[in-house]
Structures are given as structure tokens and as C-alpha cells.
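Residues per chain, in single letters:
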Amino acid sequence: MRRFTPVAALAALAAGVWTLVSPWVYRSSSMSGGQVTMSGHAMNDSKSVVISSSTYYWHIVPGALAIILSIILLVAGRLVIERSMAAALFAVGVWTLVGPWVLPSLGMGHSMNMGVTTGSFLRHILPGAVLIAAAIAAYVALPARSRVGQSVSDERPQHA
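Conventions adopted
Residues numbered from 1 in each chain as written. Predicted model: local features only at pLDDT ≥ 70, side-chain atom pairs only at ≥ 80, totals over all residues. Heavy atoms only, no water. Helix = DSSP H or I, 4+ residues; strand = E, 2+ residues; numbered from the N terminus. Buried < 20%, exposed > 50% of the residue type's maximum accessible area, 1.4 Å probe, protein only. Contact = heavy atoms within 4.5 Å. Polar contact = N/O pair within 3.5 Å; in protein donor to acceptor, adjacent residues only side chain to side chain.

**Student:** So what's going on with the overall build of the protein chain? Which residues, and what values?
**Tutor:** Scanning the protein chain from terminus to terminus reveals five helices and two strands. For the protein chain, with 160 residues in total, the buried portion stands at 39%. Of all intrachain contacts in the protein chain linking residues separated by at least 6 positions in sequence, the fraction that spans at least 24 positions is 70%.

Spelled out as C-alpha cells, the structure:
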């Protein structure tokens, strides 16, 4: 079952990359024209990168955190680190999923009054749900501590 952890980590890595780049990669028809949209995403038709506070708090920070945590989960060799990374990925997934609707009340980005649109679904809900599912899958795929402790003690040679 532990072999499933890399698959979950790779799914989380992909969701983190998408969260990070989606404001510039996915542009709906209502998000062009060089202005800040109602959702706070700054877009323009030029090749320059525009970063608003909403883009920073809703995409850059959680996307970068998801990427870092996924990589650590992939290369970690210790159960406690893997469990911690899965729990942290779950928290980042929740952040990504509900960020545009909750974080503005905490002063992190502009208020998003549009509800759920195709753009908000593809930029926030979908990657957040993937991060949450990958975190749960990675956590469940890890062996329980008691079983790990028993298998280690069972493998040690007994001295009389």
C-alpha cells in the first residue's frame, strides 16, 4: 500500500503546479483586457506577469507550498515526515479550495462576489479537491505506526 504514496504525491505536485500557474495559463473570455477582475485575478493581454494580492495569496503561496510539500513527500524516507507532509498537503488543499471565498475576510486578497464560475472551479475547487484527495490517499497508504513498530521488532535478531 505504501507504493501508492508516490502516485498521490505526483497528483499533489501536478495540482500544486496548476494552482501556481493557472492565473496565467487559464484565461476565460471575461478575464482579458488588462484589468483586475471581480475575483481579484490580475490579467492582461501582454506577455508581462501581473501579480495582485489575490493572485499571491490564492495561487502563488498555496501552489508553491503544495509543490514543496509534494516533493518532500516523494523523497522522504521516514514515516513521520511522510505523515506530516500529507497532513500539510491537506491544509494547503483546503486553503486552495476555499481561499477566494474565505481569505478576503482575513485581509488576504480581494473579495470574490461572483460565486462559483467555470474559472473559479478550474483554478480553485478542482486543484484544492485534488490536493485534499491526494493528501488523504497518501496518509491512508502509509502503514500504521503500531504495525511498523511490530515489523521492525520482529525482524531484529533475538539475543539470549
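**Student:** With reference to specific residues and values, describe the environment of Ala-11.
**Tutor:** When you line up the elements, Ala-11 lands in helix H1 (residues 4-25). Excluding residues within four positions of it along the chain, Ala-11 makes contact with Val-130 and Ala-134.

**Student:** An account of the side chain of Thr-19 is needed here, citing residue identities and associated values.
**Tutor:** Inspection of the secondary structure puts Thr-19 in helix H1. Since its relative accessible area comes to 0%, Thr-19 is described here as buried. Among the polar contacts listed, one links the side chain of Thr-19 to the backbone oxygen of Ala-15, at a separation of 2.8 Å. For Thr-19, the contacting residues outside a window of four places in its chain are Trp-58, His-59, Pro-62, Gly-63, Thr-96 and Pro-127.

**Student:** An account of the environment of Ala-86 is needed here, citing residue identities and associated values.
**Tutor:** Within the secondary structure, Ala-86 is located in helix H3 (residues 79-102). On the basis of relative accessibility, which here comes to 2%, the residue Ala-86 falls in the buried class. Separated by 46 residues in the primary sequence, Ala-86 and Ile-132 have C-alpha atoms spaced 9.0 Å apart. Each residue touching Ala-86, except ones within four places of it in the same chain, is listed here: Ala-135, Ala-138 and Tyr-139.

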